[in-house]
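So you can see what is in the structure, the chains are spelled out below.
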Amino acid sequence: MRWSVEGKVATVTLDRPERKNPLTFEIYAELRDRFRALSADAAVKAVVITGEGGNFCSGGDVHEIIGPLVDMQLPSKLAFTRMTGDLVIAMRACPQPIVAAIDGVCAGAGAAIALASDIRLGTARSKVAFLFNRVGLAGCDMGACALLPRVIGHGRASELLYTGRTLGGEEAERWGFYNRICAPETVLGDAQELARSLADGPTFANALTKRQLHKEWDMGLDEAIESEAQAQAIAMETEDFERAYRAFVDKVRPVFQGN
């Protein structure tokens, strides 16, 4: 896994292209720790996650993860599934918006990582598959049963999780899994450009938005409205709010600073 920062945008690259960027125990833990650390990283304002060599991620490495799991006892298996879930929790908890740039294979745990991102840009040739059913496992992995119905709807999520079938790029966009389709040669650049635009925005307010999107899953409407009222009142205390007003009065574009 590679980690690089340019300006206010960090890029995470899964870099085992010879095997379509599979995950290992170590990569899971490194990703989890990276996203956890972002909560205290004031310099990074947005994150892009992608894969090397024309593929996003093929999921857990068959030889380095699946094989060893078969021989583990239940407590060790549970420790592993909790660790993989902790990666998704860290992605949803970090204040920075995460943009996934997806080309080629995006399968299993790779699809779950894409799902845990805030925005997904894909390509027409990409292939998304929640493969857990195909290897004799339940579709309820890394938050898929919670996240996927909220992204594409319950019926479509059920179809993918029960069958493990592949979702082509254009279908993934129609279903709402992708925000938009890009050319393979530009998808990473498009994702980084989008991330830069988010990083140049009112990032304190954007972090509130991400937090509210997550919190309000479990709220009734009245509770959600009150929670949003409190969050918005806090946003109104920021200097970015005043900057936007002054820029409007002066008929110029506001320059946000995230405070």
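Report follows, based on the coordinates. (Residues numbered from 1 in each chain as written. Predicted model: local features only at pLDDT ≥ 70, side-chain atom pairs only at ≥ 80, totals over all residues. Heavy atoms only, no water.)

### Description of the layout of surface pockets
Okay, so step 1: The calculated volume of the largest pocket comes to roughly 680 Å³.
Okay, so step 2: Listing elements by their share of the lining of the largest pocket, those giving two or more residues are helix 2 (62-71) and helix 3 (74-93).
Okay, so step 3: Considering every element that reaches the lining of the largest pocket, the biggest residue donor is helix 2, with 6 residues.
Okay, so step 4: Partitioning the lining of the largest pocket into residue classes produces 16 nonpolar, 7 polar and 5 charged. (1 Å grid on protein atoms, 1.4 Å probe; cavity = no way out; pocket = protein on both sides within 12 Å on 5 of 7 lines; lining within 4 Å. Points joined across faces, edges and corners; volume = space filled by probe spheres on them. Helix = DSSP H or I, 4+ residues; strand = E, 2+ residues; numbered from the N terminus. Nonpolar A, V, L, I, M, F, W, Y, C, P; charged D, E, K, R; others polar.)

### Topic: unusual backbone geometry
Okay, so step 1: If you check the backbone angles, Asn-21 has positive phi at about 60° while not being a glycine.
Okay, so step 2: Relative to the elements of secondary structure, Asn-21 occurs in the loop between strand 2 (9-14) and helix 1 (25-37).

### Details of the pairing of strand 4 (residues 98-101)
Okay, so step 1: Side chains of strand 4 alternate between two faces, with Ile-98 and Ala-100 and Val-99 and Ala-101 buried alike.
Okay, so step 2: Across 3 bridges, the pairing between strand 4 and strand 6 (residues 119-123) is parallel. Bridge pairing links Val-99 to Ile-119 in strand 6. (Buried < 20%, exposed > 50% of the residue type's maximum accessible area, 1.4 Å probe, protein only. Pairing = 2+ DSSP bridges.)

### Thoughts on the packing of aromatic side chains
Okay, so step 1: For the structure on display, the rule yields 4 aromatic pairs.
Okay, so step 2: Ring centres of Phe-25 and Phe-80 lie 5.4 Å apart, and the angle between their planes is 85°; this geometry places the pair in the edge-to-face category. Taken together, the positions of Phe-25 in helix 1 and Phe-80 in helix 3 put the pair 55 residues apart, joining distant regions of the chain.
Okay, so step 3: Judged by centre distance (6.3 Å) and plane angle (85°), the ring pair of Phe-130 and Phe-177 falls under edge-to-face. Within this pair, whereas Phe-130 is found in the loop between strand 7 (127-129) and helix 5 (144-152), its partner Phe-177 is found in the loop between helix 7 (169-175) and strand 9 (180-182), the two being separated by 47 residues in sequence.
Okay, so step 4: The buried category is assigned to Phe-177, whose relative accessible area is 1%.
Okay, so step 5: Through pairs of rings, three or more aromatic residues link up here, namely Phe-25, Tyr-28 and Phe-80.
Okay, so step 6: In this structure, Arg-120 packs its charged tip against the face of Phe-177, placed 5.1 Å from the ring centre. (Phe/Tyr/Trp six-rings, centres within 6.5 Å; stacked < 30°, edge-to-face > 60°. Lys NZ or Arg CZ within 6 Å of the ring centre and 35° of its normal.)

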